[in-house]
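A structural walkthrough
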Amino acid sequence: MVHVIITTANIADAYDKRRGQYIESIERCLSYRHYFDSYTVLECVSDHEDYLDNYNTYYSELGNPYHDKGHNEVSHLKAFLQQSGLPDNISIIKISGKYLLTDSYFFDRVIEFQADYDSMFKNDNDVYVGNGYHTFLYYAKKGLLLDVIESIDLNDANNRPIEWDFKEFLMVRDNHIEIDRLGIMAHQGANSEKIFYA
């Protein structure tokens with residue numbers, strides 16, 4: 001079984017633009033619905049958004065105590081997964097809601113590899129130095145994903161990117177695989193027109 005989690009963070013900054021990106025991303029993801037069994041939109045900031053009424057949405061009540069957005073997102077993800085009732089061996093695909101799938105490549109690879117591998121990530125060396133994995137689209141079994149999140153030092157004194165922590169934890173595992181691309185268009189921030197493809 002495959003469960004998709006699409007994260008959103010409806011903040012005031014560039015709200016209309018972000019909302020448009022979220023809707024486009026969610027709809028694009030759902031156009032590949034035949035690849036997965038269920039999905040959740042995980043809203044990490046707002047307690048209600050009218051436009052999210054159209055989707056299976058879970059509103060996290062954790063708040064966002066950390067300065068680092070990555071720390072906040074994995075905290076919401078952890079809390080959601082722990083209360084979800086999903087089995088530990090379910091395949092989780094996590095996508096950041098501002099990003100737009102360009103094709104089915106990632107889903108095809110999950111279907112191909114999920115029986116043999118517990119996680120699948122892309123190295124971030126196409127955009128950054130390569131010390132981490134992209135965390136805007138990845139696959140991991142639920143139990144493993146919770147283990148990765150548990151291993152991260154979540155506090156404001158830790159300014160190490162979570163992308164590095166994901167890579168450090170996973171790259172030494174035998175049942176982990178790296179892929180060459182994701183099939184996604186990524187926006188580099190709500191107020192930026194910069195776009196890259198991964």
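Above: the structure in question.
Residues numbered from 1 in each chain as written. Predicted model: local features only at pLDDT ≥ 70, side-chain atom pairs only at ≥ 80, totals over all residues. Heavy atoms only, no water.

Comments concerning the state of the cysteines
Counted under the stated rule, the structure contains 0 disulfides. Looking at Cys29, it has no disulfide partner, and the nearest cysteine sulfur is the one in Cys44, 15 Å off. (Disulfide = S-S within 2.5 Å.)

Quick notes on the sheet that holds strand 7 (residues 137-141)
What the 7 strands build is an open sheet, ordered 3-2-1-4-7-6-8; its pairing is mixed. A single partner strand is all that each edge strand has here, and the edge strands are strand 3 (57-59) and strand 8 (176-178). The average angle at which neighbouring strand axes cross in this sheet is 20°, direction not considered. As judged from the 6 bridges shared by strand 1 (residues 2-8) and strand 2 (residues 38-43), these two strands associate in the parallel manner. Residue pairing for strand 2: Thr7 is matched across the bridge by Leu42. Sheet strands touched by helix 2 (residues 69-84): strand 1, strand 2, strand 3, strand 4 (91-96) and strand 7. Its angle to strand 1, the strand with the most contacts, is close to 140°. With respect to the sheet, helix 4 (residues 142-151) is in contact with strand 4, strand 6 (119-121) and strand 7, its orientation differing from that of strand 7 by roughly 110°. (Pairing = 2+ DSSP bridges. Helix = DSSP H or I, 4+ residues; strand = E, 2+ residues; numbered from the N terminus. Axes fitted to C-alpha atoms, helices over the stretch in contact; angles between N-to-C directions. Contact = heavy atoms within 4.5 Å.)

Observations concerning the pairing of strand 7
In terms of burial, strand 7 is a largely internal element, 5 of the 5 residues being buried. Side chains of strand 7 alternate between two faces, with Leu137, Tyr139 and Lys141 and Tyr138 and Ala140 buried alike. Relative to strand 7, strand 4 is paired through 5 bridges, and the arrangement is antiparallel. If you follow Ile92 over to strand 7, its bridge partner there is Ala140. (Buried < 20%, exposed > 50% of the residue type's maximum accessible area, 1.4 Å probe, protein only.)

Structural notes on the layout of surface pockets
Of the volumes computed, that of the largest pocket is approximately 1000 Å³. Looking at the largest pocket, it is lined by 41 residues, and the ones nearest its centre are Lys69, Gly70, Ser96, Lys98 and Tyr99. Among the elements of the structure, strand 1, helix 1 (15-30), helix 2, strand 4 and helix 5 (162-170) are those that each provide at least two residues to the lining of the largest pocket. Sorting elements by how many residues they give to the lining of the largest pocket places helix 2 first, with 5 residues. Its residues placed into classes, the lining of the largest pocket shows 15 nonpolar, 17 polar and 9 charged. (1 Å grid on protein atoms, 1.4 Å probe; cavity = no way out; pocket = protein on both sides within 12 Å on 5 of 7 lines; lining within 4 Å. Points joined across faces, edges and corners; volume = space filled by probe spheres on them. Nonpolar A, V, L, I, M, F, W, Y, C, P; charged D, E, K, R; others polar.)

Looking at unusual backbone geometry
The phi dihedral of Ala14 falls on the positive side, at around 55°, and the residue is not glycine. Topologically, Ala14 is positioned in the loop between strand 1 and helix 1. The exposure class assigned to Ala14 is partly exposed, which follows from its relative accessible area of 23%.

A few points about the nonpolar core
With 35 residues, the main nonpolar core has Val4, Ile93, Phe106, Phe136 and Leu137 as its most contacted residues. Listed by contribution, the elements that provide at least two residues to this core are strand 1, helix 1, strand 2, strand 4, helix 3 (105-113), strand 7 and strand 9 (184-187). In terms of residues, this core owes the most to one element, helix 3, which gives 5 residues. Apart from the residues lying within four places of it in its own chain, the contact partners of Phe106 are Ile93, Met120, Leu137, Tyr138, Tyr139, Ile179 and Leu182. By size, the runner-up hydrophobic cluster in this structure holds 23 residues, among which are Ile90, Ile92, Ala140 and Leu170. (Core = buried A, V, L, I, M, F, W, Y, C linked by side-chain atoms within 4.5 Å.)

Note that every value here comes from positions in space, so none of it alone points to a role or purpose.
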